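Residue strings, one per chain:
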Amino acid sequence: MSGYWDDRDPKRENFRLFMSGEGWKNFADKLADDKKTVEEPGSGNLIQSALLNALNSTHLLFLTGAGTSICARNEAELKQDAPGMSDLWTAVETKVGQTQFKSICDQFSGANIDKNIEKLLSLCKIQLELLELAKDDDPKKKPILDFVKNAEAAILKRVDFVDDKTTIDAHSLIVRKIGRRGIRKPRTKLYTTNYDLCFEEAARRQRFTIIDGFSHSLDQVYDRSHFDQDIVRRENAKDAPDYIANVFHLYKLHGSLDWRRVDGEILRSRGDNGSPVLIYPRSSKYQEAFEAPYLDMMGAFQAALREPDSALIVCGFGFNDDHISRPILAAMEANMSLRLIVCDPAFIQDEESLAASEHVIPDVPDEKNTFLLRLRKLAESGDPRIHLINGRFSDLAVALPDLIGESDRERHIARTKLLREPVEAVK
């Protein structure tokens, strides 16, 4: 999923809210010719109010997908940015070689693959299931097994684009704003389908603490019970411990590039020991998502959606994964107190209309995605629980209110960074 604007330059004038009976209303007010008088109010106040209400809800949930990684940037030479589907296709083709790649594609020439690596791997998976009883060295089976193995290795390497120099300003903003809610409220739960480490790196840079199911031992081991733990400060002068600020939960619904399965356990490791714990892009994602550890993540997600006074903010997720989209729709039906905010640049497909100066753009629904179409119908009916916003992850990061000012600890961290910089940089 890609935006139409420079992802490094958030422009809230292109931030639009879907208004029932009107269309997509601009964030900013429409001014008269004198540039001072408000001729028609924009949707800015409504967007700010919806986001503020979400942040103040008892249970705050945040769901992100591949679209949120697009705004991450690597300025270093030869260091690639976050991949799109076409980038993964190219990475796999380069890994296996054009000859073998063409040979595999030719086996499915009757299917409309259209350079979609998810479709290609899905067809390979189906073919392997048909050949399940054949030996691994079967002349028909072995080439597909080798291709799938190489393709998965190429995907794993390509999504590993984050380092300590990567620009992740939007992720840092989001982490700071959702992680600094009142400590008496339940911790914010951030769910993501991405394998990359953007949110982990953003938390590390700002000294935020992540509860993600892994232990704090030398070898970090995954155990679902760790999600029930929290971080507190115990002082000798107090009888009861205090919850510390700047903590949030992170659930990686499709696994992570730094998870490895070793001897039946899931460890956090960047090495080659063990096997990667990932749900690779293919149609079997639905079935794989209900195996451990993904079942723990999905179970937590579905349970959180049913909690009273909950708010779910969705950004960069295209509602193309049924195993995630269906629970959201089911929760909207069952939980009357659930509020939903969906932010996506793909709501308005016509770039010319978006670039024009119209204050309100008529709605032209995309009939391809049935989940988004259903949410549109609810919003059009006037359901006050749903807010659809046309915008990018970086726009949302800027628009999201900051509930708490910069803390003493955060100011101290900023000051100590100066001590570590070279003397020339401090001058």
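In this text, all values refer to a predicted model and were calculated from it rather than measured experimentally.

*Asks:* For this particular structure, what's the right way to read the environment of K149?
*Replies:* For K149, the position within the fold is in helix α5 (residues 141–158). As for K149 and V96, which are separated by 53 residues in sequence, their C-alpha atoms are 9.7 Å apart.

*Asks:* Could you clarify how one ought to interpret the pattern of salt bridges in this entry?
*Replies:* Pairs can form between side chains of opposite charge once their charged atoms are near each other. If you walk through the whole model with that rule in mind, you get 23 salt bridges. Where D402 meets R180, a salt bridge forms, and the shortest distance between an N and an O atom there is 2.7 Å. With D402 in the loop between α13 (393–399) and α14 (408–420) and R180 in the loop between α6 (169–179) and β6 (189–192), the pair connects residues that are 222 residues apart, well separated along the chain. In this structure, the salt-bridge partner of E288 is R282, at a minimum N-O distance of 3.2 Å. By the burial criterion, E288 is buried, and R282 matches it. Each of E22, K25 and E40 takes part in a single network of salt bridges with overlapping partners.

*Asks:* When you look at the packing of helix α2 (residues 85–96) against helix α3 (residues 98–107) in this model, what are you seeing that I'm missing?
*Replies:* Any two packed helices are characterised by the angle at which their axes cross and by the distance between the axes. Running from N to C, α2 and α3 cross one another at 115 degrees; their axes reach a closest spacing of 6 Å. Note on element contacts: α3 touches α2 through Q98, Q100, F101 and C105, opposite W89, V92, E93 and V96. For the contact of α2 with α3, the residue count by class is five nonpolar, two polar and one charged.

*Asks:* Any chance you could explain α2 here in plain terms?
*Replies:* Along an α-helix, residues three or four positions apart point the same way, because every turn accommodates 3.6 residues. The terminal C-alpha atoms of α2 lie 17 Å apart, and with 12 residues this matches the ideal 16 Å at 1.5 Å per residue to within 8%. Listed as buried for α2 are L88, W89, A91, V92 and V96. The arc that holds the buried residues of α2, viewed along the axis, is 165 degrees, so those residues lie on one side. Along α2, exposed side chains directed more than 90 degrees from the buried face belong to S86 and T94. Those residues of α2 hidden inside the fold are in contact with α3, α4 (117–130) and α5. Residue G97 follows α2 closely and has a positive phi angle near 95 degrees.

*Asks:* What is the right way to read the sheet that holds strand β11 (residues 255–262) from this model?
*Replies:* Strand-to-strand pairing in sheets goes through backbone hydrogen bonds, with the strands running parallel or antiparallel. Ordered by their spatial adjacency, three strands build an open sheet running β12-β11-β13, and the pairing between neighbours is antiparallel. Among the strands making up the open sheet, the edge pair consists of β12 (265–268) and β13 (275–278). Averaged over all pairs of adjacent strands, the angle between strand axes in this sheet comes to 45 degrees, irrespective of strand direction. As paired strands, β11 and β12 are joined by four bridges and run antiparallel to one another. Looking across to β12, one finds that W259 is bridged to R268.

*Asks:* It is not clear to me how the sheet that holds strand β14 (residues 310–315) should be interpreted in this structure. Could you clarify?
*Replies:* Reading across from one edge, β7-β10-β6-β5-β14-β15-β17-β1-β2-β16 is the order of the 10 strands in this open sheet, with mixed pairing throughout. Edge positions in the open sheet fall to β7 (209–211) and β16 (360–361), since each of these has one partner strand only. By the bridge criterion, two bridges tie strand β1 (residues 16–19) to strand β17 (residues 386–390) in an arrangement that is antiparallel. Looking at the pairing, R16 lines up with N390 of β17.

What counts as what
- Per-chain numbering applies: the sequence of each chain, read as written, is numbered from 1 onward.
- The predicted origin of the model limits local features to residues at a pLDDT of at least 70 and limits the giving and counting of side-chain atom pairs to 80 or more, whereas totals for whole chains, interfaces and linings rest on all residues.
- Based on all heavy atoms of the structure, the side-chain values leave hydrogens and waters out of the count.
- A run of DSSP states H or I qualifies as a helix once it reaches four residues; a run of E qualifies as a strand once it reaches two. Both are numbered from the N-terminal end.
- Salt bridges, as used here, are contacts in which a Lys or Arg side-chain nitrogen is within 4 Å of a carboxyl oxygen on Asp or Glu.
- For every residue, the accessible area (1.4 Å probe, protein chains only) is compared with the maximum for its type, and the residue is labelled buried under 20%, exposed over 50%, or partly exposed between those bounds.
- Here, axes are lines fitted to C-alpha atoms. For helices the fit covers the stretch in contact, and angles between N-to-C directions go from 0 to 180 degrees.
- Contacts are residue-level and defined by heavy atoms, with any inter-residue pair within 4.5 Å sufficient.
- Note on residue categories: nonpolar means Ala, Val, Leu, Ile, Met, Phe, Trp, Tyr, Cys or Pro, charged means Asp, Glu, Lys or Arg, and polar means any other residue, Gly included.
- Take the residue count of a helix, subtract one, and multiply by 1.5 Å to get its expected span.
- Taking the helix axis as origin, the arc is that swept by the directions to the C-beta atoms.
- In short, DSSP must find at least two bridges between two strands for them to pair.

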